[in-house]
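# Structural overview
So the chains spell out like this:
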Amino acid sequence: MGEDRRRLAAAAMGKIPCDLTVKNVQYVNVFTGEIYPAEVDVIDGRVARVRCPGEPQELESGETVDGGGNYLIPGFIDAHVHVESSMMIPEQFGRAVVPWGTTAVCTDPHEIANVLGIDGVKFMLENGKKSLLRQYVLAPSCVPAVPGLENSGAEFGEKEIEEILDMDGVVGIAEIMDFVGVYNGSERMHAIIRKGLEKGTFLQGHAPLLTGKELSAYAASGIESDHESETGEEIREKLRRGMHINLRASSLVNHMDQLAAEIRQIPYHDFISICTDDVHAGDLLTLGHVNKVVRYGIEHGLDPVDVIRMATLNAAREYGFKDLGAVAPGYRADMQLVRALDGSRPKLVWIGGQLAAEQGVYVGEDAAPAMDFPNTVKAGWIRAAEDFSLIADKTENGTVPVNVIVPLDAGNVLRKTERQELMVRDHRVCLDGREDLAFVCVCNRHGLEKKTVAVIQNFGLREGAVGTTVSHDSHNAVIVYRKEEDALVLLRELERMGGGLCVVRDGQVTGSVALPAAGLMSPKSGRQVAEEFEGYRRAFYQVCGDDTPLLSCAIMSLTALPGIVVTDCGLVDGGKQEFVDVFAD
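All of the points below concern the structure found in this document. (Residues numbered from 1 in each chain as written. Predicted model: local features only at pLDDT ≥ 70, side-chain atom pairs only at ≥ 80, totals over all residues. Heavy atoms only, no water.)

The subject of this paragraph is the overall build of the protein chain. For the protein chain, the count of helices and strands is 15 helices and 29 strands. Expected size for 585 residues packed as a compact globule is a radius of gyration near 25 Å; at 25 Å, the protein chain falls within 12% of this value. Projected onto its principal axes, the C-alpha coordinates of the protein chain cover approximately 90 × 50 × 45 Å. Long-range pairs, those at least 24 residues apart, make up 69% of the contacts in the protein chain between residues at least 6 apart in sequence. (Helix = DSSP H or I, 4+ residues; strand = E, 2+ residues; numbered from the N terminus. Rg over C-alpha atoms; globule rule 2.2 N^0.38 Å. Contact = heavy atoms within 4.5 Å.)

Following this line, the structure appears as structure tokens:
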């Protein structure tokens, strides 16, 4: 605000030389959808002029780049992403995504906020400044996701939201996941929404499968967007309600075939942008970032320039960014040179007129990565293997009815409980003769002595133990095991690493990924994290079946799911938001 643009105007008039000219390009105009030859002049990080053939350049620029007849398009903007899901800290995330043409992201630090509270949000803001990627942050709205059903490391109300909204670089309130609370008039959720409305800031939504009057109530509350649509019908109804849709393809979810088919039938696409939500380090290395979603959209029949517009100008307008999303006079010179309009890796990427990536390699001059993090795994109160036993107080020997968790789908996402009689020896439930069963323990790692031990069927674990501190959304430690001794070894390793992913076999750690930044992220590069994850994957499948999803433990506690989940407080029916007894009646 209040920026003096006289130098920019003088450069556009040809009175002073520009810093950079990119010539000999096929310029993609995201305002009109046209493609034509042009040259682009940049000064002080902004575009001064876009010159068509025959329009002279009065003064030579400090640097001239020959585009070789390739396409020049704006840098991509990710409308919604959780950096923590990459398992990299923000600066390393930036270095990983910029070579794919991403120049700005709008991030929800929901995961680290559930561990470290406001300090976690501040870390994401400050650390994000250490790479050239523009990293904007939204205030996490659901910390914890469902109060009373789980314990996290922090709790946010309207006071905390207001404090975060006043921080530089914060552009709105992040995905408001408690949609049931919103349309039912929850005082907590509407107090947070009111704070956003008072400040005139962006309110990001999260409304999977929401329809009818409930969707109208959700939108009427002031929430502007949604990234959770799984069907074409969802997209159409939400667009009809005036909501902004984020077209998503993440490492976990991709419904592009259905969504693209519906979009092709809708005349106007101004309220559709692109997001990645959750992308793992390995996928970033091999498949890409926003460009991957662009590529999928094109492969499913969407017009290339239309999809590029979604990933640039539409996303900028969604957030009210008036100088991002286009290569045009006065706009930030965030742009990329691409061989084809197909979502492939760009040849060159500029951010603010500075070369940021060349031929797939990040070239920004950044400070060394941060390396010192406090250990957030506080589970020393679990001292012995017996602490992982499922105790049947009223039964010394014999059998006891247990509400066993049973997956409802191959991805082990939705689950129910099923009453089963299990053996008891010395008051401890045992799994003798039941190779299809395993124990699951969720133990609080934020300083509370709270844990739940339950039994799960058909998880796929044959021996040993697998576990993690990446467990949405409160990120307590989740361990699945056959023997209590292996579970204890795994927990001790998570403590030693400061959190992460781990596999134990025969009492020995056989694979791990250390995530010392809040038990969620590594300070290492994307390539290093991907290599460690590959070692973990191999170890995981030595003890689990080939069809066991690698990150099953990470969603074992997700109270936003409609089925049965496990938290440090007990078994929870996510659909009813009620507790379920571990032992059956």
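This brings us to the side chain of R46. As for its placement among the helices and strands, R46 is situated in strand β3 (residues 46-51). For R46, a relative accessible area of 3% puts it in the buried group. Apart from residues lying up to four places away in sequence, R46 is in contact with E3, R5, L8, D41, D323, G330, Y331, R332 and A333. (Buried < 20%, exposed > 50% of the residue type's maximum accessible area, 1.4 Å probe, protein only.)

Summarising the element assignment, Y218 is placed in helix α8 (residues 212-220). Separated by 45 residues in the primary sequence, Y218 and I263 have C-alpha atoms spaced 22 Å apart. Aside from chain neighbours lying at most four places away, what touches Y218 is I176, F179, V182, G205, H206, A207, L210, I223 and M243.

Given 3.6 residues per turn, any residue in an α-helix points the same way as the ones three and four places further on. Most of helix α2 (residues 90-97) sits inside the fold, with 8 of its 8 residues counted as buried. Of the residues making up α2, those classed as buried are P90, E91, Q92, F93, G94, R95, A96 and V97. Residues of α2 that are buried sit in contact with β6 (76-81), β7 (102-107), α4 (118-127), β8 (134-139), α11 (281-286) and β17 (361-362).

Right, let's talk about the nonpolar core for a bit. Counting residues in hydrophobic clusters, the biggest one holds 93 residues, and the most contacted among them are F388, V455, F459, V466, V480 and Y481. Top contributing element to this core by residue count: strand β21 (residues 437-443), with 7 residues. Apart from the residues lying within four places of it in its own chain, the contact partners of V455 are L390, V402, N403, V404, I405, L422, L431, L437, A438, F439 and V440. C142, V170, I176 and M189 belong to the second-largest nonpolar core, a separate cluster that totals 39 residues. (Core = buried A, V, L, I, M, F, W, Y, C linked by side-chain atoms within 4.5 Å.)

Another aspect to go through is the pattern of salt bridges. Evaluated as defined, the whole model comprises 35 salt bridges. Put simply, E162 and K195 hold a salt bridge, and the shortest N to O gap is 3.8 Å. In this pair, E162 sits in helix α5 (residues 158-165) while K195 sits in helix α7 (residues 187-198), placing the two residues 33 residues apart along the sequence. The partner of E435 in a salt bridge is R482, with the nearest N and O atoms 3.5 Å apart. Here R482 lies in the loop between β24 (477-481) and α14 (484-497) and E435 lies in the loop between β20 (428-430) and β21, a separation of 47 residues in the sequence. Of the residues examined, E435 reaches a relative accessible area of 56% and is grouped as exposed. Using a relative accessible area of 17% as the deciding quantity, one classes R482 as buried. Residues joined in a network through salt bridges with shared partners are E39, D41, R49, R51, E55 and E58. (Salt bridge = Lys/Arg side-chain N within 4 Å of Asp/Glu carboxyl O.)

Let us look at α8. Residues of α8 that are buried include every one of L215, Y218 and A219, and no others. Buried residues of α8, seen end-on, are gathered within an arc of 95° and therefore sit on one face of the element. Of the residues in α8, the exposed ones pointing more than 90 degrees away from the buried face are K213 and A220. Tucked into the core, α8 has its buried residues touching β9 (170-176), α6 (179-183), β10 (202-205) and α9 (232-240). Residue G222 follows α8 closely and has a positive phi angle near 115°. (Arc of directions from axis to C-beta.)

This part takes up the packing of aromatic side chains. Throughout the structure, instances matching the rule amount to 11 aromatic pairs. Judged by centre distance (4.4 Å) and plane angle (45°), the rings of F202 and Y319 are tilted. Within this pair, whereas F202 is found in strand β10, its partner Y319 is found in helix α13 (residues 304-319), the two being separated by 117 residues in sequence. Its relative accessible area of 6% is what places F202 among the buried residues. Overall, the relative accessible area of 9% leaves Y319 in the buried class. Among the aromatic residues, those joined into a ring-pair cluster are Y136, F202, Y319 and F321. Positioned above the aromatic ring of W100, the side-chain terminus of R345 is 3.7 Å from the ring centre. (Phe/Tyr/Trp six-rings, centres within 6.5 Å; stacked < 30°, edge-to-face > 60°. Lys NZ or Arg CZ within 6 Å of the ring centre and 35° of its normal.)

Bringing the sheet that holds strand β27 (residues 564-567) into the picture now. Read from one edge of the open sheet, 3 strands run β27-β28-β29, paired in antiparallel fashion. The open sheet terminates on both sides in strands that have one partner only, identified here as β27 and β29 (578-580). Sheet twist, expressed as the average angle between the axes of neighbouring strands with direction ignored, equals 45°. Where β27 meets strand β28 (residues 570-573), 4 bridges bridge the pair, whose relative direction is antiparallel. (Pairing = 2+ DSSP bridges. Axes fitted to C-alpha atoms, helices over the stretch in contact; angles between N-to-C directions.)

Now for the pairing of strand β13 (residues 272-275). Alternating positions in β13 separate into two faces, I272 and I274 on one and S273 and C275 on the other, with burial throughout. Pairing analysis gives 4 bridges linking strand β12 (residues 244-248) to β13, with the strands arranged parallel. Note that in β13 the partner of I245 across the bridge is I272. In this region the chain leaves β12, passes through helix α10 (residues 256-263) and returns to the parallel neighbour β13; the handedness of that crossover is right-handed. (Right-handed = clockwise from strand over helix to strand, strands pointing away.)

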